[in-house]
Amino acid sequence: SITGETVELLEPYLDMEDYNLETAKKVCGNVAGLCSWTQAMVYFYGINKEVLPLKANLALQEGRLAAAQTELNNAQIQLDEKQMELDQVQAMYDTAMKEKQALLDDAEACRRKMNNATALIEGLGGEKLRWTASSKNFQNQIINLVGNVLLATGFLSYSGPFNQEYRNLLLQLWKKEMDNSKIPYSNDLNLTGMLVDNATVCEWNLQGLPNDDLSIQNGIIVTKASRYPLLIDPQGQGKIWIKNKEKNNGLQVNSSFNIFMCVSF
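The protein chain has the name Dynein heavy chain 5, axonemal in an unreviewed UniProt entry, where Eudyptula minor is given as its organism.

**Q** Summarise the overall build of the protein chain; cite the residues concerned and give the values.
**A** The secondary structure content of the protein chain amounts to 9 helices and 2 strands. Sequence-ordered secondary structure for the protein chain, helices as α and strands as β, is α-α-α-α-α-α-α-α-β-α-β. Relative to the 2.2 N^0.38 estimate, which gives 18 Å for 265 residues, the radius of gyration of the protein chain is 62 Å and therefore markedly larger than a compact globule would have. Dimensions along the principal axes, computed over C-alpha positions, put the protein chain at roughly 170 × 50 × 25 Å. For the protein chain, with 265 residues in total, the buried portion stands at 20%. When the accessible surface of the protein chain is totalled, it reaches about 19800 Å², and 58% of it is carbon and sulfur.

**Q** Give a detailed account of the confidence of the model for the protein chain, specifying residues and quantitative values.
**A** Per-residue pLDDT for the protein chain has a mean of 84; in total, 95% of the residues score no lower than 70. Ranking the elements of the protein chain by mean pLDDT puts strand S2 (residues 263–264) last with 52 and helix H7 (residues 198–206) first with 90. A low-confidence stretch, residues 257–262 (pLDDT under 50), is modelled with 17 contacts involving residues beyond four sequence positions or located in other chains.

**Q** So what's going on with the pattern of salt bridges? Which residues, and what values?
**A** Applying the stated criterion across every chain, the model contains 3 salt bridges. Where Lys 82 meets Glu 85, a salt bridge forms, and the shortest distance between an N and an O atom there is 4.0 Å. Of the two residues, Lys 82 and Glu 85 are both situated in helix H3 (residues 29–126); the distance of 3 residues between them amounts to about one turn of the helix. Look at Glu 85 and you get partly exposed, because its relative accessible area is 42%.

**Q** Tell me what's going on with the UniProt feature "coiled-coil region" (unreviewed entry) in the protein chain, and back it up with residues and numbers.
**A** The positions UniProt marks with the feature "coiled-coil region" (unreviewed entry) are residues 58–113. A helix fraction of 100% and a strand fraction of 0% characterise residues 58–113, whose end C-alpha atoms lie 77 Å from each other.

**Q** Help me get a handle on a nonpolar patch on the surface, residues and values and all.
**A** Taken together, Leu 120, Leu 124 and Trp 131 make up a surface patch of nonpolar side chains, about 300 Å² in accessible area. Mapping Trp 131 onto the fold places it in helix H4 (residues 128–158).

**Q** Tell me about the packing of aromatic side chains, residues and numbers included.
**A** Applying the stated criterion to the full structure yields 2 aromatic pairs. Centroid distance Phe 162 to Tyr 166: 4.6 Å. Interplanar angle 45°. Geometry classified as tilted. When its relative accessible area of 29% is taken as the criterion, Phe 162 is described as partly exposed. Here the aromatic rings of Trp 204 and Trp 241 are separated by 5.6 Å at their centres, their planes lie at 70°, and the arrangement is edge-to-face. Taken together, the residues Trp 204 in helix H7 and Trp 241 in helix H9 (residues 237–245) connect sequence positions 37 residues apart.

**Q** Explain the nonpolar core to me, and be specific about the residues and the numbers.
**A** The biggest cluster of nonpolar side chains holds 21 residues, and the ones touching the most others in it are Leu 151, Phe 155, Leu 191 and Ile 220. Every element with two or more residues in this core is listed here: H4, helix H5 (164–180), helix H6 (191–195), H7, helix H8 (213–224) and H9. Contacts of Phe 155, omitting those with residues within four sequence positions, involve Gly 160, Arg 167, Trp 174, Leu 191, Leu 195, Gln 217, Ile 220 and Ile 221.

**Q** How would you summarise H5 if you had to cite specific residues and measurements?
**A** Taking 1.5 Å as the rise per residue, H5 with 17 residues should run 24 Å; its terminal C-alpha atoms sit 25 Å apart, in good agreement. For H5, the full list of buried residues reads Arg 167, Leu 170, Leu 171, Lys 175 and Met 178. Taken around the axis of H5, the buried residues stretch over an arc of 135°, which confines them to a single face. In H5, the exposed residues that point more than 90 degrees away from the buried face are Glu 165, Lys 176, Glu 177 and Asn 180. Two residues or fewer past H5, Lys 182 is found with a positive phi of approximately 55°.

**Q** Describe a negative patch on the surface, with residues and values.
**A** A surface patch of like charges, here negative, comprises Glu 5, Glu 8, Glu 11 and Asp 15. Turning to its location among the elements, Glu 11 is positioned in helix H1 (residues 4–14). Residue class for Glu 11 comes out partly exposed when judged on its relative accessible area of 41%.

**Q** Describe the side chain of Asn 148, listing the residues and the values that go with them.
**A** As for its placement among the helices and strands, Asn 148 is situated in helix H4. With near-sequence residues (within four places) excluded, Asn 148 lies in contact with Tyr 185, Ser 186, Leu 189 and Met 194.

**Q** Kindly report on the side chain of Ser 159, identifying the contributing residues and their values.
**A** Secondary-structure assignment places Ser 159 in the loop between H4 and H5. According to the relative accessible area criterion, Ser 159 is buried, its value standing at 1%. Residues contacting Ser 159, with those up to four places away along its chain left out, are Gly 154, Arg 167, Leu 170 and Ile 221.

Basis of the calculations
- Residues numbered from 1 in each chain as written.
- Predicted model: local features only at pLDDT ≥ 70, side-chain atom pairs only at ≥ 80, totals over all residues.
- Heavy atoms only, no water.
- Helix = DSSP H or I, 4+ residues; strand = E, 2+ residues; numbered from the N terminus.
- Rg over C-alpha atoms; globule rule 2.2 N^0.38 Å.
- Buried < 20%, exposed > 50% of the residue type's maximum accessible area, 1.4 Å probe, protein only.
- Areas by Shrake-Rupley, 256 points an atom, 1.4 Å probe, with all protein chains shown as cover.
- pLDDT = per-residue confidence, 0-100.
- Contact = heavy atoms within 4.5 Å.
- Salt bridge = Lys/Arg side-chain N within 4 Å of Asp/Glu carboxyl O.
- UniProt positions renumbered as here; feature names shortened; annotations may be inferred.
- Patch = residues over 30% accessible without salt bridge, like charges linked within 9 Å, V, L, I, M, F, W, Y side chains within 5 Å.
- Phe/Tyr/Trp six-rings, centres within 6.5 Å; stacked < 30°, edge-to-face > 60°.
- Core = buried A, V, L, I, M, F, W, Y, C linked by side-chain atoms within 4.5 Å.
- Expected span 1.5 Å × (residues − 1).
- Arc of directions from axis to C-beta.
- Lys, Arg positive; Asp, Glu negative; His and termini not counted.
- Charge placed at Lys NZ, Arg CZ, Asp CG, Glu CD.

Quick look at the structure:
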């Protein structure tokens with residue numbers, strides 16, 4: 001209940017030098033308590049005068065805070081709802097992007113396959129002429145197979161004892177007889193290529209067989225003929241080749257090896 005007017009009335013007394021607790025104690029102990037109490041009340045009034053507006057402002061700010069907190073809660077609820085909607089839309093977007101990427105990958109794979117197919121078709125188109133020629137050649141080989149086999153058989157059976165010139169003469173005589181009998185054969189027939197492959201010939205050369213046509217033909221007769229041939233081998237070329245060729249097959253050599261197998265080397 002203290003007022004500003006009361007405080008103003010007390011100020012002249014409060015400003016006096018002897019208006020204090022120590023001086024009052026000297027006069028009267030009870031008065032000293034009253035003096036201290038009046039000073040405390042004036043001090044309280046000064047403090048309370050500053051605190052009351054702050055309390056009012058605090059209440060006002062608390063009201064504003066409560067309103068703001070309510071708005072914040074409402075806004076948070078809306079934010080959560082919007083976040084849920086955003087998450088759903090994001091999930092739909094991610095699914096759509098995955099489908100899009102899958103379609104792009106499929107399209108790219110199809111494009112690569114189409115390019116490969118186009119390149120293959122173009123390449124096969126370029127091979128058409130060669131395949132046509134090869135097909136025609138295979139057909140001719142089928143037609144001429146009987147005559148070619150007959151020539152190869154005659155070569156293996158009868159040409160061994162003769163030199164290259166006489167072997168060629170025999171081949172020409174056989175072809176003439178086949179023409180008279182209307183037996184088809186290949187005019188460009190290569191007996192060596194028909195009876196042995198290049199890899200085998202290379203292996204024979206490494207084993208000591210000379211690389212000339214006569215020696216290769218002799219190697220074919222030795223390995224392909226059904227009868228055991230006799231090697232007429234004054235230079236020892238056939239002997240060297242046979243020894244190297246059969247080295248891993250347990251070949252045993254004796255003193256009569258020089259006349260041991262009739263093919264002229």
